[in-house]
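Single-letter residue listing:
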Amino acid sequence: MRSSLVPLGPPVSQDRVITSFPKCYTPAACLQLREHFHGQVSIACQRRSTGTVGLRLSKVVVVGDLYVGKTSLIRRFCRNVFDRNYKATIGVDFEIERFEVAGIPYSLQIWDTAGQEKFKCIASAYYRGAQVIITTFDLTDLQTLDHTRQWLEDALQENEPGTCFLFLVGTKKDLLSGVACEQAEVEAVRLANEMEAEYWSVSAKTGEWVRAWGRLWQECGWKHQPQPHRNRKVPNPVSTCRLIGVTARSLRAPCKPSRTALQLHRLLAAQRQCVSWAWPRPPGGGCTECLHGGWWF
Ligand SMILES: Nc1nc2c(ncn2[C@@H]2O[C@H](COP(=O)(O)OP(=O)(O)OP(=O)(O)O)[C@@H](O)[C@H]2O)c(=O)[nH]1
């Protein structure tokens with residue numbers, strides 16, 4: 001049978017081609033000790049029998065207090081830049097990154113949420129449908145570590161239990177001496193174990209660990225594609241999304257959906273495809289529920 005993978009867009013850059021698992025930051029708080037893909041995954045990739053997985057994307061949500069460095073981390077990972085000037089995130093922002101994992105094209109939708117309390121209700125509307133939740137804190141300000149429990153709880157509330165891969169990430173590693181960093185990490189690793197999250201210390205300024213950490217994201221995201229969806233037979237999800245061309249807003253979004261949006265929403269729900277769409281729509285489309293889309297390449 002022919003593969004359902006459609007080559008879309010230009011090939012990904014070499015540093016986005018993943019052939020093996022990167023190492024963890026510390027075995028004391030690591031959720032993935034394997035060095036290779038699961039045998040079944042490798043075989044499925046070789047045979048190109050992964051269904052439409054290559055056309056989908058996974059959703060990563062980054063949460064944490066204001067000023068801890070969420071935006072900086074994402075910018076370093078996606079664009080390899082660092083800006084010392086602080087510009088608060090208003091509500092949410094996102095990036096799309098393309099990868100190739102074991103020969104299969106794959107995209108990550110990375111949602112950067114605002115840490116400021118006044119934007120929390122907007123940002124929380126985008127927690128839904130995440131495969132990876134990254135809870136961040138500032139290694140130089142351990143009060144922000146205390147707040148990570150609450151951030152994680154809020155993000156998990158919007159997702160089905162056991163469906164998200166969790167990370168706890170300490171930022172601004174460059175600002176601490178080796179000893180001070182180790183001290184902060186002891187507490188963070190303890191908390192990561194309680195949360196059942198994987199721990200990483202990173203610096204967006206120097207780029208230290210950011211790349212390895214980012215590589216891990218997408219593998220986890222890829223492995224955590226919603227299972228029912230992988231197996232569900234959808235006649236032509238890409239063309240369906242293209243045909244629509246109008247965005248239905250998430251029912252959980254703070255703004256009221258328009259009539260057209262609601263009609264589309266019902267139509268999609270009736271077709272048992274997309275139940276909830278994010279607002280504002282990412283440039284490539286994308287459903288917060290099933291992550292269907294086809295425009296982002
Ligand atoms: N030295 C150092 N500074 C950093 C690092 N990461 C971020 N910063 C600085 O910390 C400040 C806040 O960074 P942001 O990335 O804007 O923080 P944020 O968490 O996105 O903030 P909100 O959008 O308000 O939630 C900025 O001035 C950054 O330059 C880092 O790794 N090292």
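As the structure is a prediction and not an experimental result, all values here were calculated from the model. (Residues numbered from 1 in each chain as written. Predicted model: local features only at pLDDT ≥ 70, side-chain atom pairs only at ≥ 80, totals over all residues. Heavy atoms only, no water.)

Asks: Explain unusual backbone geometry residue by residue, including any values.
Replies: In this structure, Tyr67 takes a positive phi of about 70° despite not being glycine. Its location among the elements puts Tyr67 in the loop between β2 (57-64) and α2 (70-79). (Helix = DSSP H or I, 4+ residues; strand = E, 2+ residues; numbered from the N terminus.)

Asks: So what's going on with the confidence of the model for the protein? Which residues, and what values?
Replies: The share of residues in the protein with pLDDT of 70 or more is 56%, and the mean pLDDT across the chain is 70. Ranking the elements of the protein by mean pLDDT puts helix α9 (residues 237-244) last with 26 and helix α4 (residues 143-146) first with 97. Under a pLDDT of 50 for its full length, residues 1-8 has, in the predicted model, 14 contacts with residues more than four places off or in other chains. Low confidence marks residues 225-297, where pLDDT is under 50. Its contacts with residues over four positions away, or in another chain, come to 136 contacts. Model confidence for the complex: the whole-complex pTM is 0.72, and ipTM, which rates the interface, is 0.99. (pLDDT = per-residue confidence, 0-100. Contact = heavy atoms within 4.5 Å.)

Asks: Could you give me a rundown of the packing of helix α5 (residues 148-157) against helix α6 (residues 178-195), with the residues and numbers involved?
Replies: Relative to each other, α5 and α6 sit at 25°, their axes nearing to 11 Å. As the angle between them shows, α5 and α6 are arranged roughly parallel. Here the hand of the crossing between α5 and α6 comes out right-handed. Between α5, through Thr148, Arg149 and Leu152, and α6, the contact on the second element is made entirely by Leu191, Glu194 and Met195. Across the contact of α5 with α6, the residue classes break down as 3 nonpolar, 1 polar and 2 charged. (Axes fitted to C-alpha atoms, helices over the stretch in contact; angles between N-to-C directions. Parallel < 35°, antiparallel > 145°, perpendicular 65-115°, else oblique. Left-handed = near helix turned anticlockwise from the far one by under 90°. Nonpolar A, V, L, I, M, F, W, Y, C, P; charged D, E, K, R; others polar.)

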